[in-house]
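Chain by chain, the residues run as shown.
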Amino acid sequence: MGTVGEALFKSVVDSLPFAVCVLGPSRKVQLWNRPAEQMFQWPVREVLGRPDPTIPRDKFNEFAGLFDLALKGGRKVHLETTRERKDHQILNVNLI
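The written sequence of each chain sets the order in which its residues are numbered from 1. It should be noted that, the model being predicted, local features are given only for residues of pLDDT at least 70 and side-chain atom pairs only at 80 or more, the latter also being counted only at that level, while totals for whole chains, interfaces and linings use all residues. Heavy atoms throughout the structure, all of them, feed into the side-chain values; hydrogens and water do not.

(A) Up close: the layout of surface pockets. Of the grid points, spaced at 1 Å and generated over the protein atoms alone, those admitting a 1.4 Å probe that cannot get out make up cavities, while open sets with protein on both sides within 12 Å along at least five of seven lines make up pockets; any residue with an atom within 4 Å of a point is treated as lining. Grid points are joined across faces, edges and corners, and a volume is the space filled by probe spheres set on the points. Estimates place the volume of the largest pocket at around 1,000 Å³. Taken together, 27 residues make up the lining of the largest pocket; nearest its centre are Ala-19, Cys-21, Asn-94, Leu-95 and Ile-96. Going along the chain from the N terminus, every DSSP run of H or I of four or more residues is numbered as a helix, and every run of E of two or more is numbered as a strand. Secondary-structure elements contributing two or more residues to the lining of the largest pocket are strand S1 (21-23), helix H2 (34-40), helix H4 (60-71) and strand S4 (90-95). Classification used: nonpolar for Ala, Val, Leu, Ile, Met, Phe, Trp, Tyr, Cys and Pro, charged for Asp, Glu, Lys and Arg, polar for all others including Gly. Each residue belonging to the lining of the largest pocket can be placed in one class, and the counts come to 20 nonpolar, 3 polar and 4 charged.

Structure below.
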């Protein structure tokens, strides 16, 4: 069970007006807020503990390279790219 601090953090992240997806070192979703549910149509129960389902196949190498760089403490990235909704619609997104 989470701590009060974790519950407060999740509440704050859920109240943000933009989608937030946090991945752990294993590249699995650890946090998925309500705007992410609305934007990508994936309910949190279907994504927690699993790989990010929004990465289109043609963007996986891009994602893997940036993720590995971030794990090594690399520079912050601002990237315009695409992600995929549950219904397979492609969305243009800004990753920060």
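(B) Seen up close, the side chain of Thr-82. Mapped onto the secondary structure, Thr-82 falls in strand S3 (residues 79-84). The contact definition used throughout considers only heavy atoms, calling two residues in contact when any of these lie within 4.5 Å. When sequence neighbours within four positions are dropped, the list of residues in contact with Thr-82 reads Pro-56, Lys-59, Ile-90, Leu-91, Asn-92 and Val-93.

(C) The arrangement of the environment of Arg-85 in detail. With respect to the helices and strands, Arg-85 occurs in the loop between S3 and S4. The classification of residues rests on relative accessible area computed with a 1.4 Å probe and restricted to protein chains. Under 20% of the type maximum is buried, over 50% is exposed, and intermediate values are partly exposed. The buried category is assigned to Arg-85, whose relative accessible area is 17%. C-alpha separation for the pair Arg-85 and Leu-66, spaced 19 residues apart in sequence, amounts to 21 Å.

(D) Examining the packing of aromatic side chains more closely. Think of it this way: a Phe, Tyr or Trp ring, Trp meaning its six-membered ring, pairs with another when their centres are within 6.5 Å, and the plane angle makes it stacked under 30 degrees, edge-to-face over 60, tilted otherwise. Under the defined criterion, the tally for this structure stands at 3 aromatic pairs. Seen in terms of ring centroids, Trp-32 and Phe-40 are 5.9 Å apart; in terms of plane orientation they differ by 45 degrees. Their pairing is tilted. For the residue pair Trp-32 and Phe-40, the accessibility class agrees, reading buried in each case. Both rings, one in Phe-60 and one in Phe-63, keep their centres 5.8 Å apart while their planes meet at 50 degrees; by these two values the pair is tilted. Here Phe-63 and Phe-60 lie together in helix H4, a separation of 3 residues that amounts to about one turn.

(E) Just the pairing of S3, in detail. With 5 of its 6 residues buried, S3 lies for the most part within the structure. We call two strands paired when DSSP finds no fewer than two bridges between them. Connecting S3 to the next strand, S4, in antiparallel fashion are 5 residues, including His-88 with a positive phi near 75 degrees.

(F) Geometry of the side chain of Arg-83. With respect to the secondary-structure elements, Arg-83 resides in strand S3. Charge counting treats Lys and Arg as positive and Asp and Glu as negative, with His and both chain ends excluded. Whenever a carboxyl oxygen of Asp or Glu lies within 4 Å of a side-chain nitrogen of Lys or Arg, that contact is scored as a salt bridge. Glu-62 provides the closest opposite charge to the buried, salt-bridge-free Arg-83, at an N-O distance of 4.3 Å.

(G) Structural view of the confidence of the model for the protein. Known as pLDDT, the predictor's confidence for each residue is given on a scale from 0 to 100. Confidence in the prediction for the protein averages 91 pLDDT; 97% of positions are at 70 or higher. Between the elements of the protein, mean pLDDT differs from a low of 88, seen in helix H1 (residues 4-15), to a high of 97, seen in helix H3 (residues 44-47).

(H) Main features of the environment of Phe-67. By secondary structure assignment, the location of Phe-67 is in helix H4. The buried category is assigned to Phe-67, whose relative accessible area is 11%. For the pair formed by Phe-67 and Arg-27, sequence separation is 40 residues and the distance between their alpha carbons is 8.0 Å. Among all residues touching Phe-67, those that are not within four sequence positions of it are Leu-23, Gly-24, Pro-25 and Arg-27.

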